[in-house]
Amino acid sequence: MMIRPAVTALTLLWLIGVYWALHAQAAADREKFLTEPGIYGTFAVFALNEEWAKQDPATKIVRLTSLKGVVEQHREHVVIDLYLLRGLSDHADLMFRIHAAELRETQEFLLDLKSSQFGKHLKTVGVMHGLAKKPNYVPEFQDQMKADLQAISAPGQNPYVIVIPIRKSAEWWGLDQEKRAAMMQEHTAATLPYLKTVKRKLYHSTGLDDLDFITYFETSKLEDFHNLVLSLEKVQEFRYTRRFGHPTILGTMKSLDEIVELLAQ
Amino acid sequence: MMIRPAVTALTLLWLIGVYWALHAQAAADREKFLTEPGIYGTFAVFALNEEWAKQDPATKIVRLTSLKGVVEQHREHVVIDLYLLRGLSDHADLMFRIHAAELRETQEFLLDLKSSQFGKHLKTVGVMHGLAKKPNYVPEFQDQMKADLQAISAPGQNPYVIVIPIRKSAEWWGLDQEKRAAMMQEHTAATLPYLKTVKRKLYHSTGLDDLDFITYFETSKLEDFHNLVLSLEKVQEFRYTRRFGHPTILGTMKSLDEIVELLAQ
Amino acid sequence: MMIRPAVTALTLLWLIGVYWALHAQAAADREKFLTEPGIYGTFAVFALNEEWAKQDPATKIVRLTSLKGVVEQHREHVVIDLYLLRGLSDHADLMFRIHAAELRETQEFLLDLKSSQFGKHLKTVGVMHGLAKKPNYVPEFQDQMKADLQAISAPGQNPYVIVIPIRKSAEWWGLDQEKRAAMMQEHTAATLPYLKTVKRKLYHSTGLDDLDFITYFETSKLEDFHNLVLSLEKVQEFRYTRRFGHPTILGTMKSLDEIVELLAQ
Amino acid sequence: MMIRPAVTALTLLWLIGVYWALHAQAAADREKFLTEPGIYGTFAVFALNEEWAKQDPATKIVRLTSLKGVVEQHREHVVIDLYLLRGLSDHADLMFRIHAAELRETQEFLLDLKSSQFGKHLKTVGVMHGLAKKPNYVPEFQDQMKADLQAISAPGQNPYVIVIPIRKSAEWWGLDQEKRAAMMQEHTAATLPYLKTVKRKLYHSTGLDDLDFITYFETSKLEDFHNLVLSLEKVQEFRYTRRFGHPTILGTMKSLDEIVELLAQ
Amino acid sequence: MMIRPAVTALTLLWLIGVYWALHAQAAADREKFLTEPGIYGTFAVFALNEEWAKQDPATKIVRLTSLKGVVEQHREHVVIDLYLLRGLSDHADLMFRIHAAELRETQEFLLDLKSSQFGKHLKTVGVMHGLAKKPNYVPEFQDQMKADLQAISAPGQNPYVIVIPIRKSAEWWGLDQEKRAAMMQEHTAATLPYLKTVKRKLYHSTGLDDLDFITYFETSKLEDFHNLVLSLEKVQEFRYTRRFGHPTILGTMKSLDEIVELLAQ
């Protein structure tokens with residue numbers, strides 16, 4: 001009895017997907033939003049409330065349809081990535097990474113998300129904002145390395161994703177620019193062995209949040225990532241870090257359809 | 001079926017607005033309250049409770065009418081600004097900034113707000129109080145700069161607003177007045193490039209809260225604000241800061257009518 | 001329909017008040033409890049639960065009658081002051097200050113309060129205990145100043161009240177007595193300009209709570225209080241303070257009848 | 001109508017008490033458990049949930065009977081003391097101190113307590129474990145003092161009880177044994193004036209909890225206890241304390257029957 | 001009336017057990033997963049929600065059957081150990097230790113656990129991840145000692161289990177490798193007297209969590225464990241520890257059947 005409406009709703013969901021695929025508005029340029037400076041990145045972390053688990057499958061699918069609708073409706077202005085945190089992070093189930101030219105547009109998306117049928121089940125665990133800025137690499141670094149660092153993930157690979165917020169100490173900001181640059185060169189050198197297997201993106205958060213940086217990592221080899229962070233903790237610059245993690249967010253990258261399928265269960 | 005009462009309620013809301021516009025009591029002098037010393041500023045941050053999302057549109061509008069009523073009723077004694085935090089700040093949906101000659105009057109407004117039909121849906125996330133004092137600028141500073149710093153926002157611009165509470169260390173207060181003044185001069189100089197695009201207002205909180213200052217910023221260019229804070233973290237005075245943010249509050253300025261319209265959805 | 005029982009209950013409340021006024025047991029000696037050493041002071045801070053706002057007026061009044069009853073019943077052994085925190089302090093609505101010769105008697109009052117019809121709506125936000133001790137002023141201080149510091153508030157003035165818990169560092173307690181006394185002399189001198197407008201009372205908490213002191217202030221001029229604390233942060237003794245506030249409690253002093261009237265709304 | 005079943009239940013409770021008094025299994029040797037080394041002490045702190053206050057008197061008594069039953073059932077293996085925290089400690093109503101030769105037996109008691117009709121109303125606020133070890137007094141100390149320190153409370157005295165968890169700094173443990181012993185001698189000397197009026201028991205917690213020690217105090221003179229802690233904060237050893245309290249637990253010792261009577265109200 | 005369905009459900013549970021025993025898929029190689037490097041260990045700590053205690057015995061057993069089902073279903077890819085924390089740890093009832101070659105498989109198990117009938121009653125208290133790496137012992141250590149340290153627990157012994165998360169300071173990671181190795185030799189030497197009675201396993205967490213290490217201990221002699229930690233706090237390496245515990249997790253190891261039986265009560 002429960003199965004038939006669920007199937008029907010799934011069909012509906014599929015039909016809506018087909019409709020969107022055909023009639024979709026021009027989506028924001030993903031590559032541009034993920035690689036250019038001046039773009040804001042927001043990490044919005046949610047937990048599903050206790051009522052979600054009590055919904056029957058058909059209701060879940062109807063509500064997940066509203067999630068798809070909200071994401072679709074905003075894709076012209078914001079680029080949205082989804083991550084499954086449940087099972088890997090404390091007290092959190094889902095993370096949205098939203099890129100936008102203006103935080104106002106991110107706010108509008110999140111307002112609509114919260115007002116949607118699905119959004120009623122979301123408890124906000126945390127929201128962090130950062131700004132992509134022109135990379136400040138040491139000039140000697142090769143162009144290939146710069147390109148590697150700017151690469152974006154191919155879709156459908158489902159890698160592990162780790163987000164680590166960072167706050168530097170007042171002593172760090174009080175150092176003169178040259179000393180900081182020298183330490184950052186040492187820092188960047190420590191990352192070289194992991195360029196191929198651990199992708200990184202840096203967001204500048206000072207003033208936008210209780211942070212200075214949000215560091216975002218994608219990898220299929222968690223042990224490499226672990227060794228990368230271990231290397232970074234051994235360079236001098238790390239001594240000027242006041243907060244590292246708290247929380248460390250660990251999850252797996254999923255497409256919107258994968259998320260819908262997983263949550264429909 | 002849901003639409004008709006909502007429309008009726010909206011009409012009612014509009015009529016009440018018209019009535020108030022015609023019969024309004026003399027409002028407190030906004031410019032005076034925002035620029036003169038001796039005025040208290042309170043930042044009251046709220047989240048909507050889980051029941052709000054479950055109300056039907058007509059009920060929401062009736063309750064939002066009570067919000068308008070309470071604001072109107074107190075406008076003779078307090079100046080109230082509203083901000084939408086949802087989507088940009090953790091665990092918070094709305095912020096009221098209330099200026100009053102006496103905190104007693106702010107308390108009376110907040111008591112009535114909490115007792116109102118709308119207030120039953122508000123969970124208090126935080127309340128911070130500060131006092132505007134005569135600006136203590138270094139004498140050499142030009143009058144134009146002083147005027148710029150005291151400017152208040154033109155209504156209807158919907159800028160981003162950031163509120164950062166600050167606590168200085170015991171070492172800071174233990175410095176002699178001259179040393180502090182010299183560091184504050186360096187601090188103020190760092191803000192000069194951002195005078196045009198980032199408006200600021202300073203509230204003194206020592207003893208009124210677990211803070212020494214509440215800093216309030218308005219800007220349409222968040223990147224400028226980010227760079228401003230980055231500059232401020234590089235001056236010597238920043239090393240005497242024990243708490244900066246925690247929370248950093250980020251939102252957008254809205255008129256009462258915009259808030260009512262957004263929450264009615 | 002709602003109004004008549006409310007009126008009736010108010011009449012009842014008034015009659016009970018008259019009865020108590022006529023038949024009251026000998027009350028504890030307020031002045032003695034507030035000024036003599038060896039008396040314990042407890043600050044019990046409460047929030048009203050969500051159900052309170054949903055009660056109809058008549059029920060509220062019946063329950064507030066139980067509050068009056070409990071206060072009356074214990075007035076032979078404890079001296080109780082009430083403060084309205086709602087609107088001025090985070091997450092708290094009411095504060096009771098209870099003076100007793102034995103904390104056992106305070107416990108009995110608070111047990112009865114919690115068991116009362118009104119107490120079912122109270123969530124305990126915090127409880128702090130301290131002991132009044134013989135003032136330890138520097139001998140040179142004039143008698144007038146000592147008298148001023150020991151003054152108690154005249155009833156009915158509704159001043160602002162601020163409570164600041166303090167914890168000193170281990171270094172402070174490790175100093176020899178003379179050094180501490182010299183610093184306390186500097187501390188007390190900083191308070192002289194505010195003797196007239198800011199009343200103070202000191203409670204010693206070491207061992208009774210995670211504190212060393214509870215400082216209690218009453219003033220009608222909050223700006224004077226702010227300047228007083230600013231002065232106190234500039235003396236050397238302040239560098240030995242590990243915790244100051246957290247929470248800083250801010251409210252207004254109310255009579256029991258005022259509280260009943262305010263909460264009945 | 002409510003009174004008769006309550007009376008009946010009270011009679012039942014009394015009858016069960018009589019039955020137990022006649023048929024009790026051999027209880028664990030209280031004096032041995034409280035004074036010998038190698039015994040584990042657990043401090044389990046609970047709050048009553050919101051539903052408790054809503055139960056009618058008869059139901060309360062039936063549930064309190066289950067509390068008596070569980071305590072009785074385990075008295076062969078564990079020694080249980082009860083304390084009333086409500087009104088004196090934040091967010092807590094009851095504390096159980098459980099002594100056992102093995103923490104496994106304490107776990108079994110607490111499992112049965114939580115599964116009981118009464119236990120359904122208990123929210124766990126905190127659990128701390130420690131181990132009684134052979135006292136490590138300085139050899140010169142007189143035997144009388146050793147005996148005093150090991151004394152246990154006579155039942156029925158209802159003294160105040162204070163529990164203070166302590167964590168020493170890494171520097172403390174890094175000192176050589178002689179230096180630590182010298183400082184402990186100074187520490188113990190500071191306690192001498194209070195030996196008669198403040199009883200103490202020390203539990204070693206390193207590794208069993210986020211603590212190094214749990215210190216337990218009983219006194220009828222809280223002011224003496226306050227002065228004792230003040231003295232202890234002035235000796236050199238206190239500077240090696242990283243955590244002292246947090247929470248400081250304050251309550252009054254009660255017999256099981258007193259607790260049942262108080263909670264039945 | 002309650003008993004018969006419970007018995008029936010127990011029979012069902014037993015039948016399912018028999019079925020699984022006969023038709024079980026090849027289970028992951030427990031010894032290999034517990035001793036080899038490159039395996040991830042996850043510690044997932046849960047509390048039962050308030051509704052669990054209100055279920056009748058038959059429903060409890062049906063839901064516990066779903067727990068058995070989920071564990072069985074994933075045993076090909078993950079090795080799962082269960083621990084009873086209730087009564088010994090704050091706010092937690094159960095801990096799962098999950099070993100997997102990929103955290104993705106652990107996530108899938110935990111997703112299915114949360115979606116199961118039993119999982120609806122589980123509130124996530126904490127999740128910590130670590131990686132087993134090749135032991136880095138000082139070369140002089142005897143092979144026997146290495147073997148001892150790698151031993152795994154024989155099933156059915158129900159020992160105490162303690163899990164202590166550790167975060168080292170930036171200073172630690174900034175030391176050169178030789179100095180760290182010398183201090184680790186001193187650290188390891190301090191553990192020698194406890195090799196026989198306290199089993200240990202080390203997980204490396206840097207980057208995967210807000211930790212550097214998760215240390216896992218099994219013992220039947222808690223006093224030995226206490227003395228071991230005391231010894232470890234006295235070596236020089238301990239001064240470079242920024243977090244030790246918080247939480248310290250204490251429980252008893254149980255088989256899945258024992259857990260089912262205990263929770264069915």
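Procedures and definitions
Residues numbered from 1 in each chain as written. Chains lettered and ligands numbered in written order. Predicted model: local features only at pLDDT ≥ 70, side-chain atom pairs only at ≥ 80, totals over all residues. Heavy atoms only, no water. Helix = DSSP H or I, 4+ residues; strand = E, 2+ residues; numbered from the N terminus. Buried < 20%, exposed > 50% of the residue type's maximum accessible area, 1.4 Å probe, protein only. Contact = heavy atoms within 4.5 Å. Areas by Shrake-Rupley, 256 points an atom, 1.4 Å probe, with all protein chains shown as cover. Least-squares fit on C-alpha atoms with pLDDT ≥ 70 in both. Buried area = accessible area lost by both parts, 1.4 Å probe. Salt bridge = Lys/Arg side-chain N within 4 Å of Asp/Glu carboxyl O. Nonpolar A, V, L, I, M, F, W, Y, C, P; charged D, E, K, R; others polar. Axes fitted to C-alpha atoms, helices over the stretch in contact; angles between N-to-C directions. Parallel < 35°, antiparallel > 145°, perpendicular 65-115°, else oblique. Left-handed = near helix turned anticlockwise from the far one by under 90°. Expected span 1.5 Å × (residues − 1). Polar contact = N/O pair within 3.5 Å; in protein donor to acceptor, adjacent residues only side chain to side chain. Pairing = 2+ DSSP bridges.

Student: I would appreciate a short explanation of the overall build of chain A in the present structure.
Tutor: The helix and strand tally for chain A stands at nine helices and nine strands. A total of 265 residues make up chain A; the buried ones form 55% of that total. Intrachain contacts of chain A at a sequence separation of at least 6 include 80% that bridge at least 24 residues. Of the accessible surface of chain A, which amounts to about 11400 Å², a share of 54% is contributed by carbon and sulfur atoms.

Student: What is the right way to look at the relation of the copies chain B and chain A in this model?
Tutor: Think of it as a corkscrew move, a rotation about one axis and a shift along it, taking one chain copy to the other. Superposition of chain B onto chain A requires a rotation of 72 degrees combined with a translation of 0.0 Å along the rotation axis, giving an RMSD of 0.0 Å. Expressed as a symmetry operation, the mapping of one chain copy onto the other fits a five-fold axis.

Student: What's the story with the interface of chain B and chain A in this structure? I'm lost.
Tutor: Quite often, the size of an interface is put as the accessible area lost when its parts meet. If you look at the interface, chain B gives 35 residues, while chain A gives 33 residues. Counting each side, the surface lost to burial between chain B and chain A is near 3100 Å², with a carbon and sulfur contribution of 51%. Summed over the shared surface of chain B and chain A, the number is two salt bridges. Two residues, Glu233 of chain B and Arg167 of chain A, come together in a salt bridge whose shortest N-O distance is 3.4 Å. If you list the elements that add at least two residues to the side of chain B that touches chain A, you get β5 (160-168), α8 (222-233) and β9 (249-254) of chain B. The leading source of residues in the side of chain B that touches chain A is α8 of chain B, at eight residues. Among the residues forming the side of chain B that touches chain A, the class breakdown is 16 nonpolar, eleven polar and eight charged.

Student: What should I look at first to understand the packing of helix α3 (residues 57-74) of chain B against helix α4 (residues 103-115) of chain B in this one?
Tutor: Residue and element names in this part refer to chain B. Direction vectors running N to C along α3 and α4 enclose 160 degrees, while the axes themselves pass 9 Å from each other. Taken together, the axes of α3 and α4 are roughly antiparallel relative to one another. Of the two possible hands of crossing, α3 and α4 adopt the one that is right-handed. Residues Leu67, Val70, Val71, Gln73 and His74 of α3 form the contact with α4, whose own contacting residues are Glu108, Phe109, Asp112 and Leu113. Its residues assigned to classes, the contact of α3 with α4 shows five nonpolar, two polar and two charged.

Student: When you look at helix α3 (residues 57-74) of chain A in this model, what are you seeing that I'm missing?
Tutor: Side chains of residues three or four places apart in an α-helix project in the same direction, reflecting 3.6 residues per turn. Residue and element names in this part refer to chain A. Compared with the 26 Å implied by 1.5 Å per residue over 18 residues, the 26 Å span of α3 between its first and last C-alpha is a close match. For α3, the buried fraction is high: 13 of the 18 residues fall into the buried class. One side-chain oxygen of the residue at the start of α3 lies 3.1 Å from the amide nitrogen of Ala58, identifying that residue as Asp56.

Student: What is the right way to read the interface of chain C and chain B from this model?
Tutor: Taken together, the 35 residues of chain C in the interface contact 33 residues of chain B. The junction of chain C with chain B conceals about 3100 Å² of combined surface from both sides, 51% of it contributed by carbon and sulfur atoms. Contact with chain B buries surface across chain C, with Arg86, Tyr160 and His226 of chain C losing the most and accounting together for 19% of the total. Remark: the boundary between chain C and chain B carries two salt bridges. Where chain C packs against chain B, one counts 19 residue pairs in polar contact (both at pLDDT 80 or more). Within the residue set of the side of chain C that touches chain B, elements represented by two or more residues are β5 (160-168), α8 (222-234) and β9 (249-254) of chain C. Taken together, the residues of the side of chain C that touches chain B sort by class into 16 nonpolar, eleven polar and eight charged.

Student: Got a minute to help me understand the environment of Asp56 of chain A in this structure?
Tutor: Residue and element names in this part refer to chain A. Its place among the elements puts Asp56 in the loop between β1 (40-48) and α3. With a relative accessible area of 28%, Asp56 lands in the partly exposed category. When the C-alpha positions of Asp56 and Ala189 are compared, they lie 53 Å apart, and in sequence the two are 133 residues distant. Within the local environment of Asp56, its side chain forms a polar contact with the backbone nitrogen of Ala58, the two atoms lying 3.1 Å apart. A distance of 2.9 Å separates a polar atom in the side chain of Asp56 from the backbone nitrogen of Thr59.

Student: Please clarify how the pairing of strand β4 (residues 122-131) of chain A should be interpreted in this entry.
Tutor: Working note: regular strand, side chains alternate between the two faces of the sheet. All names here are of chain A. Extensive coverage of β4 is indicated by the burial of seven of its ten residues. Bridging between β1 and β4 involves nine bridges; their strand directions are antiparallel. Its bridge partner lying in β4, Phe46 is registered against Thr124.

Student: Help me understand the packing of helix α7 (residues 177-191) of chain E against helix α8 (residues 222-233) of chain E in this model?
Tutor: Residues and elements named next belong to chain E. Between α7 and α8, the least distance of the axes is 9 Å, while the angle of their chain directions is 155 degrees. With respect to each other, α7 and α8 are oriented roughly antiparallel. In this structure, α7 meets α8 at a crossing whose hand is right-handed. Across the interface between the two elements, His187, Ala190 and Thr191 from α7 touch Leu228, Ser231 and Leu232 from α8. In terms of residue class, the contact of α7 with α8 is built from three nonpolar, three polar and no charged.

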